[in-house]
Amino acid sequence: MADREDQDLEMAIRMSKPPEPKRSKPMDSGVVSTTPDESPEAKSRRIQRELMATAAEKRMAAAAATGRSKSQTAGNKGGKVGGEVGRREEEGGRLMSVEEANELFVIVFGSEVSKAILAQWSNQGIRFSIDPETSVGLVQHEGGPCGVLAAIQAFVLKYIIFCRDESKDLLTEPQNQGLSTSTKSQSFQSNDFSSLAEGVKVSALVRSMGEILFMCGSNERAVIATLSIPESGIQQSDEISRDEVIAKALAGLSIESALDLQKVLRVETYTSQASAMKRLQALFPLFQSRMGALLFLISALLSRGLDFLQTDRDDPSLPLVTAPFGHASQEIVNLLLCGQAVPNVFDGRMDLGGGMFLKGISQHVEVGFLTLLESLNFCKVGQYLKCPKWPIWVVGSESHYTVLFALDTSVQNENELEERESLIHKAFDAEDQSGGGGFISVEGFHHVLRETNIQLPQEKLEHLCSTGFIVWSEFWQVILDLEESLGGLKDSSGLMGKKVFDLYHFNGIAKSDLNGSQVNARSETPVQKPRLTKLRVSVPPRWLPEEFRADVAVSSSSSVTETSEKDSEVSKPEPSQHAPLVDCIRTRWPRAVCSWSGDPPSIV
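- You'll find the protein chain entered in an unreviewed UniProt entry as ubiquitinyl hydrolase 1, with Crotalaria pallida given as the organism.
- Heading Sequence similarities (unreviewed entry) of the UniProt record for the protein chain holds this comment: "Belongs to the MINDY deubiquitinase family. FAM188 subfamily."
- The protein chain has a UniProt comment under Catalytic activity (unreviewed entry) that states "Thiol-dependent hydrolysis of ester, thioester, amide, peptide and isopeptide bonds formed by the C-terminal Gly of ubiquitin (a 76-residue protein attached to proteins as an intracellular targeting signal)."

## Describing the pattern of salt bridges
And step 1. By the definition in use, this model includes 11 salt bridges.
And step 2. Here E100 and R94 are joined by a salt bridge, their closest N and O atoms 3.1 Å apart. Here E100 matches R94 in class, with each residue buried.
And step 3. One salt bridge connects K158 with E366, and the closest N-O pair in it is separated by 2.9 Å. Pair noted here: K158 is in helix 6 (residues 146-162) and E366 is in the loop between strand 7 (356-359) and strand 8 (368-371), with a separation of 208 residues, a long-range link.
And step 4. One network of salt bridges, with partners in common, ties together K158, E211 and E366.

## Examining unusual backbone geometry
And step 1. That bond from A323 to P324 is cis: its omega, 5 degrees, falls within 30 degrees of zero.
And step 2. Topologically, P324 is positioned in the loop between strand 4 (321-322) and strand 5 (327-328).
And step 3. With a phi close to 60 degrees, N219 is a non-glycine residue in the positive phi region.
And step 4. Mapping N219 onto the fold places it in the loop between helix 7 (198-216) and strand 2 (222-227).
And step 5. Relative accessible area serves as the criterion here: at 58%, N219 is assigned to the exposed category.
And step 6. One non-glycine residue, R591, adopts positive backbone phi at about 75 degrees.

Conventions and cut-offs
Residues numbered from 1 in each chain as written. Predicted model: local features only at pLDDT ≥ 70, side-chain atom pairs only at ≥ 80, totals over all residues. Heavy atoms only, no water. UniProt positions renumbered as here; feature names shortened; annotations may be inferred. Salt bridge = Lys/Arg side-chain N within 4 Å of Asp/Glu carboxyl O. Buried < 20%, exposed > 50% of the residue type's maximum accessible area, 1.4 Å probe, protein only. Helix = DSSP H or I, 4+ residues; strand = E, 2+ residues; numbered from the N terminus.

Structure representation (C-alpha coordinates):
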(Lines give C-alpha, C1' and ligand atoms only; values in the text may rest on other atoms or scores of the structure.)
Protein backbone atom coordinates (compact mmCIF):
# COMPACT_ATOMS: atom_id res chain seq x y z
CA MET A 1 0.00 0.00 0.00
CA ALA A 2 2.86 2.35 0.85
CA ASP A 3 4.50 1.67 -2.52
CA ARG A 4 1.25 2.48 -4.25
CA GLU A 5 0.99 5.80 -2.41
CA ASP A 6 4.57 6.68 -3.33
CA GLN A 7 3.84 5.97 -6.95
CA ASP A 8 0.73 8.11 -6.84
CA LEU A 9 2.62 10.95 -5.19
CA GLU A 10 5.39 10.75 -7.77
CA MET A 11 2.83 10.83 -10.55
CA ALA A 12 1.10 13.77 -8.89
CA ILE A 13 4.37 15.74 -8.77
CA ARG A 14 5.01 15.00 -12.41
CA MET A 15 1.52 16.14 -13.28
CA SER A 16 2.11 19.34 -11.33
CA LYS A 17 4.98 20.49 -13.57
CA PRO A 18 4.26 22.61 -16.67
CA PRO A 19 2.98 22.10 -19.25
CA GLU A 20 -0.25 20.89 -17.72
CA PRO A 21 -2.54 19.43 -20.36
CA LYS A 22 -5.94 18.15 -19.28
CA ARG A 23 -6.01 20.70 -16.37
CA SER A 24 -6.78 23.96 -18.08
CA LYS A 25 -9.81 24.68 -15.88
CA PRO A 26 -9.84 25.07 -12.10
CA MET A 27 -11.71 22.55 -10.05
CA ASP A 28 -14.83 23.98 -8.43
CA SER A 29 -16.07 22.35 -5.21
CA GLY A 30 -14.23 19.19 -6.08
CA VAL A 31 -16.38 18.55 -9.18
CA VAL A 32 -14.28 17.04 -11.98
CA SER A 33 -15.53 16.19 -15.44
CA THR A 34 -15.23 12.62 -16.64
CA THR A 35 -15.67 10.61 -19.78
CA PRO A 36 -18.78 8.47 -20.37
CA ASP A 37 -16.81 5.20 -20.40
CA GLU A 38 -14.88 5.88 -17.15
CA SER A 39 -15.54 3.28 -14.43
CA PRO A 40 -16.28 4.41 -10.84
CA GLU A 41 -12.97 2.89 -9.64
CA ALA A 42 -10.93 4.65 -12.33
CA LYS A 43 -12.77 7.87 -11.66
CA SER A 44 -11.93 7.63 -7.95
CA ARG A 45 -8.22 7.06 -8.63
CA ARG A 46 -8.11 9.93 -11.14
CA ILE A 47 -9.74 12.38 -8.73
CA GLN A 48 -7.31 11.33 -6.00
CA ARG A 49 -4.31 11.90 -8.27
CA GLU A 50 -5.53 15.33 -9.35
CA LEU A 51 -6.16 16.37 -5.74
CA MET A 52 -2.64 15.24 -4.86
CA ALA A 53 -1.27 17.14 -7.84
CA THR A 54 -3.02 20.31 -6.73
CA ALA A 55 -1.57 19.92 -3.24
CA ALA A 56 1.89 19.34 -4.69
CA GLU A 57 1.60 22.53 -6.74
CA LYS A 58 0.82 24.52 -3.62
CA ARG A 59 3.77 23.01 -1.72
CA MET A 60 6.19 23.72 -4.57
CA ALA A 61 4.98 27.32 -4.89
CA ALA A 62 5.37 27.85 -1.16
CA ALA A 63 8.88 26.35 -1.21
CA ALA A 64 9.91 28.57 -4.11
CA ALA A 65 8.64 31.67 -2.31
CA THR A 66 10.50 30.66 0.84
CA GLY A 67 13.69 30.06 -1.14
CA ARG A 68 13.49 33.49 -2.76
CA SER A 69 12.91 35.13 0.59
CA LYS A 70 15.93 33.38 2.13
CA SER A 71 18.21 34.21 -0.78
CA GLN A 72 17.21 37.87 -0.65
CA THR A 73 17.77 38.01 3.10
CA ALA A 74 21.20 36.41 2.72
CA GLY A 75 22.07 38.71 -0.16
CA ASN A 76 21.32 41.81 1.89
CA LYS A 77 24.45 41.15 3.93
CA GLY A 78 26.69 41.61 0.92
CA GLY A 79 24.55 43.13 -1.77
CA LYS A 80 21.41 41.78 -3.40
CA VAL A 81 23.35 38.86 -4.82
CA GLY A 82 26.43 37.17 -3.46
CA GLY A 83 25.91 37.35 0.30
CA GLU A 84 26.46 34.61 2.89
CA VAL A 85 24.71 31.36 2.01
CA GLY A 86 24.45 27.94 3.53
CA ARG A 87 26.36 24.79 2.72
CA ARG A 88 23.62 23.66 0.35
CA GLU A 89 24.35 26.54 -2.05
CA GLU A 90 28.09 25.88 -1.92
CA GLU A 91 27.51 22.29 -2.95
CA GLY A 92 24.95 22.74 -5.70
CA GLY A 93 24.49 26.44 -6.34
CA ARG A 94 21.19 28.00 -7.24
CA LEU A 95 19.42 29.49 -10.18
CA MET A 96 19.00 33.25 -10.15
CA SER A 97 15.53 34.69 -9.97
CA VAL A 98 14.23 36.63 -12.94
CA GLU A 99 14.43 39.85 -10.91
CA GLU A 100 18.07 39.25 -9.96
CA ALA A 101 19.06 38.34 -13.51
CA ASN A 102 17.33 41.42 -14.92
CA GLU A 103 19.06 43.72 -12.42
CA LEU A 104 22.45 42.16 -13.19
CA PHE A 105 21.89 42.39 -16.94
CA VAL A 106 20.91 46.07 -16.80
CA ILE A 107 23.89 46.96 -14.59
CA VAL A 108 26.29 45.29 -17.03
CA PHE A 109 24.78 46.08 -20.43
CA GLY A 110 22.11 48.70 -19.80
CA SER A 111 18.48 48.60 -20.89
CA GLU A 112 19.36 48.89 -24.58
CA VAL A 113 22.28 46.88 -25.91
CA SER A 114 23.11 45.67 -29.40
CA LYS A 115 23.33 42.02 -30.34
CA ALA A 116 26.88 42.67 -31.56
CA ILE A 117 28.05 43.70 -28.07
CA LEU A 118 26.32 40.72 -26.47
CA ALA A 119 27.98 38.46 -29.04
CA GLN A 120 31.41 39.91 -28.18
CA TRP A 121 30.95 39.16 -24.50
CA SER A 122 29.50 35.67 -25.00
CA ASN A 123 32.20 34.51 -27.41
CA GLN A 124 35.42 35.08 -25.46
CA GLY A 125 37.08 32.32 -23.49
CA ILE A 126 39.93 32.58 -21.01
CA ARG A 127 42.62 30.69 -22.89
CA PHE A 128 46.39 30.82 -23.21
CA SER A 129 47.92 31.61 -26.57
CA ILE A 130 48.96 28.62 -28.67
CA ASP A 131 51.98 30.53 -29.99
CA PRO A 132 55.09 29.34 -28.05
CA GLU A 133 56.55 32.84 -27.82
CA THR A 134 53.39 34.20 -26.17
CA SER A 135 52.16 31.02 -24.50
CA VAL A 136 52.15 32.73 -21.10
CA GLY A 137 49.53 35.22 -22.34
CA LEU A 138 45.75 35.06 -22.59
CA VAL A 139 44.56 35.38 -26.15
CA GLN A 140 41.76 37.79 -27.04
CA HIS A 141 39.41 37.27 -29.99
CA GLU A 142 36.67 39.81 -29.29
CA GLY A 143 37.01 43.55 -28.77
CA GLY A 144 34.98 44.10 -25.64
CA PRO A 145 36.34 41.84 -22.86
CA CYS A 146 39.98 42.98 -23.07
CA GLY A 147 39.71 44.76 -19.71
CA VAL A 148 38.74 41.51 -17.99
CA LEU A 149 41.46 39.50 -19.74
CA ALA A 150 44.18 42.08 -19.07
CA ALA A 151 43.38 42.21 -15.34
CA ILE A 152 43.47 38.41 -15.07
CA GLN A 153 46.67 38.40 -17.13
CA ALA A 154 48.34 40.77 -14.69
CA PHE A 155 47.64 38.43 -11.77
CA VAL A 156 48.74 35.40 -13.80
CA LEU A 157 52.12 37.06 -14.36
CA LYS A 158 52.35 37.82 -10.65
CA TYR A 159 52.05 34.12 -9.83
CA ILE A 160 54.31 32.92 -12.64
CA ILE A 161 57.12 35.44 -12.05
CA PHE A 162 57.03 36.27 -8.35
CA CYS A 163 54.73 33.88 -6.43
CA ARG A 164 55.29 30.46 -7.91
CA ASP A 165 55.00 28.60 -4.58
CA GLU A 166 52.30 30.74 -2.98
CA SER A 167 49.10 28.93 -1.90
CA LYS A 168 49.89 25.92 -4.07
CA ASP A 169 48.37 23.75 -1.33
CA LEU A 170 44.94 25.04 -2.41
CA LEU A 171 45.15 22.90 -5.53
CA THR A 172 45.68 19.29 -4.56
CA GLU A 173 43.57 17.22 -6.92
CA PRO A 174 45.68 15.38 -9.55
CA GLN A 175 43.42 16.27 -12.45
CA ASN A 176 42.60 18.94 -15.02
CA GLN A 177 45.78 19.57 -16.97
CA GLY A 178 48.21 18.90 -14.16
CA LEU A 179 47.11 21.61 -11.77
CA SER A 180 48.78 19.82 -8.87
CA THR A 181 52.21 19.83 -10.51
CA SER A 182 54.76 21.09 -8.01
CA THR A 183 56.16 24.48 -8.92
CA LYS A 184 59.36 24.08 -6.93
CA SER A 185 61.06 22.20 -9.74
CA GLN A 186 59.86 24.70 -12.34
CA SER A 187 62.56 27.36 -12.26
CA PHE A 188 61.70 30.53 -14.14
CA GLN A 189 64.58 31.35 -16.46
CA SER A 190 64.72 34.95 -17.67
CA ASN A 191 62.01 35.63 -20.25
CA ASP A 192 61.83 32.11 -21.71
CA PHE A 193 58.10 31.77 -21.13
CA SER A 194 57.81 28.98 -23.69
CA SER A 195 59.56 26.63 -21.26
CA LEU A 196 56.77 26.83 -18.70
CA ALA A 197 54.80 23.63 -18.20
CA GLU A 198 51.08 23.80 -18.95
CA GLY A 199 50.24 22.84 -15.38
CA VAL A 200 52.22 25.80 -14.03
CA LYS A 201 50.35 28.25 -16.23
CA VAL A 202 46.93 26.79 -15.48
CA SER A 203 47.68 26.74 -11.76
CA ALA A 204 48.65 30.42 -11.92
CA LEU A 205 45.44 31.20 -13.81
CA VAL A 206 43.19 29.38 -11.32
CA ARG A 207 44.91 31.04 -8.37
CA SER A 208 44.60 34.43 -10.07
CA MET A 209 40.88 33.99 -10.65
CA GLY A 210 40.36 32.89 -7.05
CA GLU A 211 42.36 35.82 -5.65
CA ILE A 212 40.41 38.35 -7.70
CA LEU A 213 37.03 36.93 -6.69
CA PHE A 214 37.87 36.88 -2.99
CA MET A 215 39.27 40.39 -3.26
CA CYS A 216 35.96 41.51 -4.77
CA GLY A 217 34.20 39.75 -1.89
CA SER A 218 36.23 41.65 0.75
CA ASN A 219 38.26 38.47 1.34
CA GLU A 220 35.19 36.90 2.93
CA ARG A 221 33.53 35.12 0.03
CA ALA A 222 33.77 34.33 -3.65
CA VAL A 223 30.79 33.85 -5.93
CA ILE A 224 31.31 31.58 -8.93
CA ALA A 225 28.89 31.87 -11.84
CA THR A 226 28.44 28.67 -13.85
CA LEU A 227 26.05 27.37 -16.47
CA SER A 228 23.36 24.70 -16.14
CA ILE A 229 25.05 22.13 -18.35
CA PRO A 230 25.98 18.54 -17.42
CA GLU A 231 29.33 18.45 -15.65
CA SER A 232 29.86 14.69 -15.47
CA GLY A 233 30.98 14.49 -19.06
CA ILE A 234 33.22 17.53 -18.62
CA GLN A 235 35.10 16.14 -15.65
CA GLN A 236 35.47 12.55 -16.86
CA SER A 237 36.60 13.21 -20.42
CA ASP A 238 40.03 14.09 -21.70
CA GLU A 239 40.92 17.62 -22.83
CA ILE A 240 39.65 17.34 -26.39
CA SER A 241 36.39 15.68 -25.52
CA ARG A 242 35.78 18.15 -22.69
CA ASP A 243 35.97 20.98 -25.18
CA GLU A 244 33.65 19.09 -27.51
CA VAL A 245 31.15 18.40 -24.75
CA ILE A 246 31.05 22.05 -23.70
CA ALA A 247 30.95 23.33 -27.29
CA LYS A 248 28.00 21.02 -28.01
CA ALA A 249 26.21 22.12 -24.84
CA LEU A 250 26.70 25.79 -25.77
CA ALA A 251 25.97 25.35 -29.47
CA GLY A 252 22.42 26.65 -29.28
CA LEU A 253 22.99 29.13 -26.47
CA SER A 254 22.44 32.76 -27.38
CA ILE A 255 22.48 35.50 -24.73
CA GLU A 256 20.25 38.29 -26.02
CA SER A 257 18.32 39.23 -22.88
CA ALA A 258 18.25 38.91 -19.11
CA LEU A 259 15.84 35.99 -19.46
CA ASP A 260 18.29 34.10 -21.66
CA LEU A 261 20.91 34.57 -18.95
CA GLN A 262 18.57 33.60 -16.13
CA LYS A 263 17.64 30.30 -17.79
CA VAL A 264 21.22 28.95 -17.79
CA LEU A 265 23.10 30.81 -15.03
CA ARG A 266 23.82 29.16 -11.69
CA VAL A 267 25.37 30.93 -8.70
CA GLU A 268 27.64 29.26 -6.13
CA THR A 269 29.05 31.07 -3.10
CA TYR A 270 32.15 29.97 -1.16
CA THR A 271 33.58 31.25 2.09
CA SER A 272 36.54 28.85 2.00
CA GLN A 273 39.38 29.74 -0.36
CA ALA A 274 40.41 26.10 -0.64
CA SER A 275 36.89 25.06 -1.69
CA ALA A 276 36.62 27.91 -4.14
CA MET A 277 39.97 27.08 -5.75
CA LYS A 278 39.00 23.44 -6.17
CA ARG A 279 35.71 24.45 -7.69
CA LEU A 280 37.43 26.81 -10.14
CA GLN A 281 39.79 23.98 -10.96
CA ALA A 282 36.89 21.66 -11.73
CA LEU A 283 35.15 24.32 -13.81
CA PHE A 284 38.28 25.39 -15.67
CA PRO A 285 37.13 23.92 -19.03
CA LEU A 286 33.94 25.98 -18.75
CA PHE A 287 35.93 29.20 -18.25
CA GLN A 288 37.98 28.24 -21.30
CA SER A 289 34.80 28.06 -23.35
CA ARG A 290 33.33 30.95 -25.28
CA MET A 291 31.32 32.02 -22.21
CA GLY A 292 34.39 32.18 -19.94
CA ALA A 293 35.08 35.94 -19.85
CA LEU A 294 31.42 36.81 -19.26
CA LEU A 295 31.08 34.20 -16.53
CA PHE A 296 34.15 35.53 -14.75
CA LEU A 297 32.91 39.12 -14.96
CA ILE A 298 29.56 38.06 -13.50
CA SER A 299 31.40 36.12 -10.78
CA ALA A 300 33.37 39.22 -9.81
CA LEU A 301 30.28 41.45 -9.80
CA LEU A 302 28.32 39.02 -7.63
CA SER A 303 31.28 38.52 -5.32
CA ARG A 304 31.23 42.25 -4.71
CA GLY A 305 27.42 42.25 -4.37
CA LEU A 306 25.21 44.38 -6.57
CA ASP A 307 24.30 46.80 -3.78
CA PHE A 308 27.95 47.44 -2.86
CA LEU A 309 28.82 47.56 -6.55
CA GLN A 310 26.37 50.38 -7.20
CA THR A 311 27.53 52.22 -4.09
CA ASP A 312 31.11 52.15 -5.41
CA ARG A 313 30.18 54.03 -8.57
CA ASP A 314 29.78 57.77 -9.14
CA ASP A 315 26.94 57.24 -11.62
CA PRO A 316 25.14 53.89 -11.11
CA SER A 317 22.77 54.57 -14.00
CA LEU A 318 25.45 53.99 -16.64
CA PRO A 319 26.14 50.42 -17.83
CA LEU A 320 29.48 48.85 -16.96
CA VAL A 321 30.01 47.81 -20.58
CA THR A 322 30.29 51.03 -22.53
CA ALA A 323 28.52 51.84 -25.79
CA PRO A 324 28.89 51.86 -28.71
CA PHE A 325 31.77 49.37 -28.92
CA GLY A 326 31.16 47.25 -25.81
CA HIS A 327 34.44 47.98 -24.03
CA ALA A 328 34.99 47.20 -20.36
CA SER A 329 34.64 50.40 -18.35
CA GLN A 330 37.26 51.68 -15.91
CA GLU A 331 34.92 50.53 -13.15
CA ILE A 332 35.27 46.92 -14.29
CA VAL A 333 39.06 47.18 -14.49
CA ASN A 334 39.27 48.83 -11.05
CA LEU A 335 37.00 46.16 -9.55
CA LEU A 336 39.33 43.41 -10.78
CA LEU A 337 42.46 45.28 -9.65
CA CYS A 338 41.39 46.57 -6.24
CA GLY A 339 38.06 44.91 -5.40
CA GLN A 340 35.93 48.05 -5.73
CA ALA A 341 34.13 49.30 -8.85
CA VAL A 342 35.20 52.92 -8.42
CA PRO A 343 35.32 54.91 -11.67
CA ASN A 344 38.48 56.96 -11.10
CA VAL A 345 42.20 56.17 -10.91
CA PHE A 346 43.43 58.79 -8.45
CA ASP A 347 44.13 57.99 -4.78
CA GLY A 348 41.33 58.32 -2.25
CA ARG A 349 38.38 60.49 -3.14
CA MET A 350 37.97 64.03 -4.40
CA ASP A 351 35.66 66.31 -2.41
CA LEU A 352 33.56 68.50 -4.70
CA GLY A 353 31.80 70.29 -1.86
CA GLY A 354 28.17 70.19 -0.88
CA GLY A 355 28.45 66.58 0.22
CA MET A 356 29.49 65.47 -3.28
CA PHE A 357 32.73 63.66 -4.05
CA LEU A 358 34.38 61.44 -6.67
CA LYS A 359 35.67 58.02 -5.70
CA GLY A 360 39.15 56.72 -6.47
CA ILE A 361 41.44 53.93 -5.31
CA SER A 362 41.41 53.54 -1.53
CA GLN A 363 44.28 51.13 -0.88
CA HIS A 364 47.54 49.64 -2.09
CA VAL A 365 47.17 47.06 -4.85
CA GLU A 366 49.00 43.94 -5.99
CA VAL A 367 49.19 44.93 -9.66
CA GLY A 368 48.77 48.43 -11.05
CA PHE A 369 47.46 50.52 -13.89
CA LEU A 370 48.88 53.05 -16.34
CA THR A 371 47.00 54.85 -19.07
CA LEU A 372 47.70 56.80 -22.22
CA LEU A 373 44.99 59.23 -21.12
CA GLU A 374 47.27 60.56 -18.38
CA SER A 375 49.90 61.55 -20.93
CA LEU A 376 47.11 63.44 -22.74
CA ASN A 377 46.18 65.21 -19.46
CA PHE A 378 42.72 63.64 -19.26
CA CYS A 379 43.35 62.07 -15.84
CA LYS A 380 45.97 61.52 -13.16
CA VAL A 381 46.82 58.02 -11.97
CA GLY A 382 47.52 57.93 -8.24
CA GLN A 383 50.43 56.29 -6.50
CA TYR A 384 48.39 53.27 -5.43
CA LEU A 385 47.97 52.14 -9.05
CA LYS A 386 51.20 53.63 -10.34
CA CYS A 387 53.41 51.93 -7.73
CA PRO A 388 51.83 48.51 -7.02
CA LYS A 389 53.37 45.78 -4.90
CA TRP A 390 54.59 43.94 -8.00
CA PRO A 391 55.99 45.59 -11.17
CA ILE A 392 52.99 44.66 -13.31
CA TRP A 393 50.56 47.14 -14.87
CA VAL A 394 47.41 46.94 -16.95
CA VAL A 395 47.89 49.56 -19.67
CA GLY A 396 44.86 51.42 -20.97
CA SER A 397 44.49 53.25 -24.27
CA GLU A 398 41.39 54.86 -25.72
CA SER A 399 40.00 51.50 -26.81
CA HIS A 400 42.10 48.61 -25.51
CA TYR A 401 43.83 47.12 -22.46
CA THR A 402 47.23 45.41 -22.53
CA VAL A 403 49.82 44.49 -19.89
CA LEU A 404 53.28 45.86 -19.03
CA PHE A 405 55.58 44.04 -16.61
CA ALA A 406 59.15 43.52 -15.39
CA LEU A 407 60.95 40.45 -14.11
CA ASP A 408 62.76 42.33 -11.34
CA THR A 409 61.09 44.25 -8.52
CA SER A 410 64.06 46.64 -8.38
CA VAL A 411 62.66 48.61 -11.33
CA GLN A 412 60.32 50.25 -8.82
CA ASN A 413 63.07 51.24 -6.42
CA GLU A 414 63.63 54.94 -6.08
CA ASN A 415 66.81 56.27 -7.63
CA GLU A 416 69.20 56.37 -4.68
CA LEU A 417 71.33 59.09 -6.23
CA GLU A 418 68.27 61.24 -6.88
CA GLU A 419 67.27 60.83 -3.24
CA ARG A 420 70.81 61.80 -2.25
CA GLU A 421 70.67 64.85 -4.51
CA SER A 422 67.38 65.93 -2.94
CA LEU A 423 68.86 65.61 0.54
CA ILE A 424 71.92 67.69 -0.32
CA HIS A 425 69.87 70.34 -2.11
CA LYS A 426 67.47 70.59 0.81
CA ALA A 427 70.36 71.08 3.27
CA PHE A 428 71.91 73.74 1.00
CA ASP A 429 68.61 75.64 0.62
CA ALA A 430 68.15 75.65 4.40
CA GLU A 431 71.37 77.68 4.72
CA ASP A 432 70.59 80.02 1.82
CA GLN A 433 70.06 83.48 3.27
CA SER A 434 70.16 85.24 -0.09
CA GLY A 435 66.43 85.05 -0.76
CA GLY A 436 66.81 82.25 -3.28
CA GLY A 437 69.99 83.51 -4.89
CA GLY A 438 71.63 80.10 -4.78
CA PHE A 439 74.65 80.80 -2.55
CA ILE A 440 75.46 80.36 1.15
CA SER A 441 78.12 81.48 3.61
CA VAL A 442 81.23 79.50 4.48
CA GLU A 443 79.83 78.81 7.95
CA GLY A 444 76.58 77.55 6.47
CA PHE A 445 78.55 75.47 3.98
CA HIS A 446 80.41 73.63 6.74
CA HIS A 447 77.05 72.90 8.35
CA VAL A 448 75.80 71.40 5.07
CA LEU A 449 78.86 69.16 4.83
CA ARG A 450 78.37 67.89 8.37
CA GLU A 451 74.64 67.28 7.91
CA THR A 452 75.07 65.37 4.64
CA ASN A 453 78.28 63.50 5.58
CA ILE A 454 80.22 64.90 2.63
CA GLN A 455 84.00 64.61 2.93
CA LEU A 456 85.60 67.03 0.48
CA PRO A 457 89.33 66.84 -0.27
CA GLN A 458 91.17 69.79 1.25
CA GLU A 459 92.00 71.39 -2.10
CA LYS A 460 88.34 71.22 -3.21
CA LEU A 461 87.18 72.68 0.08
CA GLU A 462 89.67 75.58 -0.08
CA HIS A 463 88.73 76.33 -3.69
CA LEU A 464 84.99 76.52 -2.94
CA CYS A 465 85.51 78.71 0.15
CA SER A 466 88.08 81.06 -1.42
CA THR A 467 85.54 83.76 -2.30
CA GLY A 468 83.78 83.77 1.10
CA PHE A 469 80.54 82.28 -0.22
CA ILE A 470 79.60 79.08 -2.01
CA VAL A 471 77.45 78.99 -5.15
CA TRP A 472 75.18 75.95 -5.65
CA SER A 473 76.17 75.36 -9.29
CA GLU A 474 79.88 75.14 -8.40
CA PHE A 475 79.21 72.98 -5.36
CA TRP A 476 77.02 70.67 -7.44
CA GLN A 477 79.75 70.09 -10.03
CA VAL A 478 82.09 69.06 -7.23
CA ILE A 479 79.44 66.63 -5.87
CA LEU A 480 79.02 65.03 -9.30
CA ASP A 481 82.76 64.35 -9.48
CA LEU A 482 83.03 63.14 -5.86
CA GLU A 483 83.03 59.40 -5.18
CA GLU A 484 80.01 57.86 -3.44
CA SER A 485 82.27 56.68 -0.61
CA LEU A 486 83.02 60.35 0.18
CA GLY A 487 79.36 61.40 0.00
CA GLY A 488 79.26 62.39 -3.68
CA LEU A 489 77.27 61.08 -6.64
CA LYS A 490 79.98 59.47 -8.77
CA ASP A 491 78.75 55.86 -8.67
CA SER A 492 80.97 52.90 -9.46
CA SER A 493 79.12 52.01 -12.67
CA GLY A 494 79.73 55.45 -14.15
CA LEU A 495 76.05 55.82 -15.03
CA MET A 496 75.74 58.90 -12.83
CA GLY A 497 72.32 57.92 -11.50
CA LYS A 498 70.93 56.63 -14.76
CA LYS A 499 68.62 53.61 -14.36
CA VAL A 500 68.67 50.97 -17.09
CA PHE A 501 66.24 48.05 -17.02
CA ASP A 502 63.98 45.86 -19.15
CA LEU A 503 60.20 45.91 -19.42
CA TYR A 504 57.93 43.52 -21.31
CA HIS A 505 54.68 44.38 -23.03
CA PHE A 506 51.98 41.85 -23.92
CA ASN A 507 49.11 42.48 -26.30
CA GLY A 508 46.82 39.45 -26.50
CA ILE A 509 44.64 40.57 -29.39
CA ALA A 510 44.18 38.04 -32.19
CA LYS A 511 41.41 39.48 -34.29
CA SER A 512 41.42 36.87 -37.03
CA ASP A 513 42.17 33.85 -34.85
CA LEU A 514 38.71 32.79 -33.71
CA ASN A 515 38.40 30.89 -30.44
CA GLY A 516 41.83 29.35 -30.69
CA SER A 517 41.35 27.93 -34.21
CA GLN A 518 43.42 29.08 -37.13
CA VAL A 519 41.72 31.23 -39.74
CA ASN A 520 40.98 29.75 -43.15
CA ALA A 521 44.13 29.78 -45.27
CA ARG A 522 42.15 31.26 -48.18
CA SER A 523 41.02 34.22 -46.11
CA GLU A 524 42.41 37.53 -47.24
CA THR A 525 42.32 38.90 -43.68
CA PRO A 526 45.78 38.57 -42.07
CA VAL A 527 46.04 36.81 -38.73
CA GLN A 528 46.99 39.20 -35.94
CA LYS A 529 48.72 37.12 -33.33
CA PRO A 530 49.35 37.99 -29.68
CA ARG A 531 52.67 39.78 -29.28
CA LEU A 532 55.25 39.99 -26.49
CA THR A 533 57.74 42.86 -26.85
CA LYS A 534 60.88 43.44 -24.81
CA LEU A 535 61.76 47.07 -24.19
CA ARG A 536 65.08 48.44 -23.00
CA VAL A 537 64.37 51.42 -20.75
CA SER A 538 66.87 54.08 -19.72
CA VAL A 539 65.86 56.70 -17.18
CA PRO A 540 68.39 59.55 -16.87
CA PRO A 541 68.59 61.39 -13.54
CA ARG A 542 66.62 64.61 -13.33
CA TRP A 543 69.66 66.84 -12.79
CA LEU A 544 71.30 66.05 -16.15
CA PRO A 545 70.50 68.62 -18.86
CA GLU A 546 68.96 67.16 -21.99
CA GLU A 547 72.08 67.64 -24.10
CA PHE A 548 74.24 65.71 -21.62
CA ARG A 549 72.01 62.69 -21.13
CA ALA A 550 73.60 60.80 -24.01
CA ASP A 551 77.14 61.67 -22.95
CA VAL A 552 77.34 60.16 -19.48
CA ALA A 553 80.63 58.29 -19.19
CA VAL A 554 80.14 54.56 -18.80
CA SER A 555 82.74 52.27 -17.30
CA SER A 556 84.40 49.89 -19.70
CA SER A 557 84.86 47.17 -17.07
CA SER A 558 83.66 43.70 -17.98
CA SER A 559 80.89 43.85 -15.39
CA VAL A 560 79.10 46.64 -17.22
CA THR A 561 80.23 46.13 -20.81
CA GLU A 562 76.90 44.64 -21.91
CA THR A 563 74.95 47.33 -20.10
CA SER A 564 77.09 50.02 -21.72
CA GLU A 565 76.55 48.68 -25.21
CA LYS A 566 72.79 48.42 -24.77
CA ASP A 567 72.54 51.71 -22.96
CA SER A 568 74.38 53.56 -25.69
CA GLU A 569 71.57 52.59 -28.05
CA VAL A 570 68.79 54.00 -25.89
CA SER A 571 70.33 56.92 -24.04
CA LYS A 572 70.43 59.34 -26.96
CA PRO A 573 67.51 61.75 -26.90
CA GLU A 574 67.46 61.73 -30.70
CA PRO A 575 66.66 59.63 -32.57
CA SER A 576 64.87 57.76 -29.75
CA GLN A 577 62.22 55.19 -30.60
CA HIS A 578 58.73 56.29 -29.81
CA ALA A 579 55.26 54.74 -29.60
CA PRO A 580 52.16 55.51 -27.53
CA LEU A 581 53.32 52.90 -25.02
CA VAL A 582 56.39 55.06 -24.29
CA ASP A 583 54.06 57.90 -23.29
CA CYS A 584 52.41 55.51 -20.82
CA ILE A 585 55.78 54.44 -19.45
CA ARG A 586 56.80 58.07 -18.95
CA THR A 587 53.83 58.63 -16.67
CA ARG A 588 55.59 56.18 -14.34
CA TRP A 589 59.23 57.02 -15.16
CA PRO A 590 59.51 60.62 -16.39
CA ARG A 591 62.30 61.20 -18.95
CA ALA A 592 62.38 57.47 -19.82
CA VAL A 593 63.92 56.56 -23.18
CA CYS A 594 62.92 53.22 -24.72
CA SER A 595 64.12 50.94 -27.48
CA TRP A 596 62.98 47.60 -28.89
CA SER A 597 63.53 45.28 -31.81
CA GLY A 598 61.08 44.98 -34.67
CA ASP A 599 57.74 46.71 -34.96
CA PRO A 600 56.69 49.20 -32.28
CA PRO A 601 54.67 47.70 -29.43
CA SER A 602 50.95 48.31 -29.92
CA ILE A 603 48.47 49.26 -27.19
CA VAL A 604 45.46 49.15 -29.54
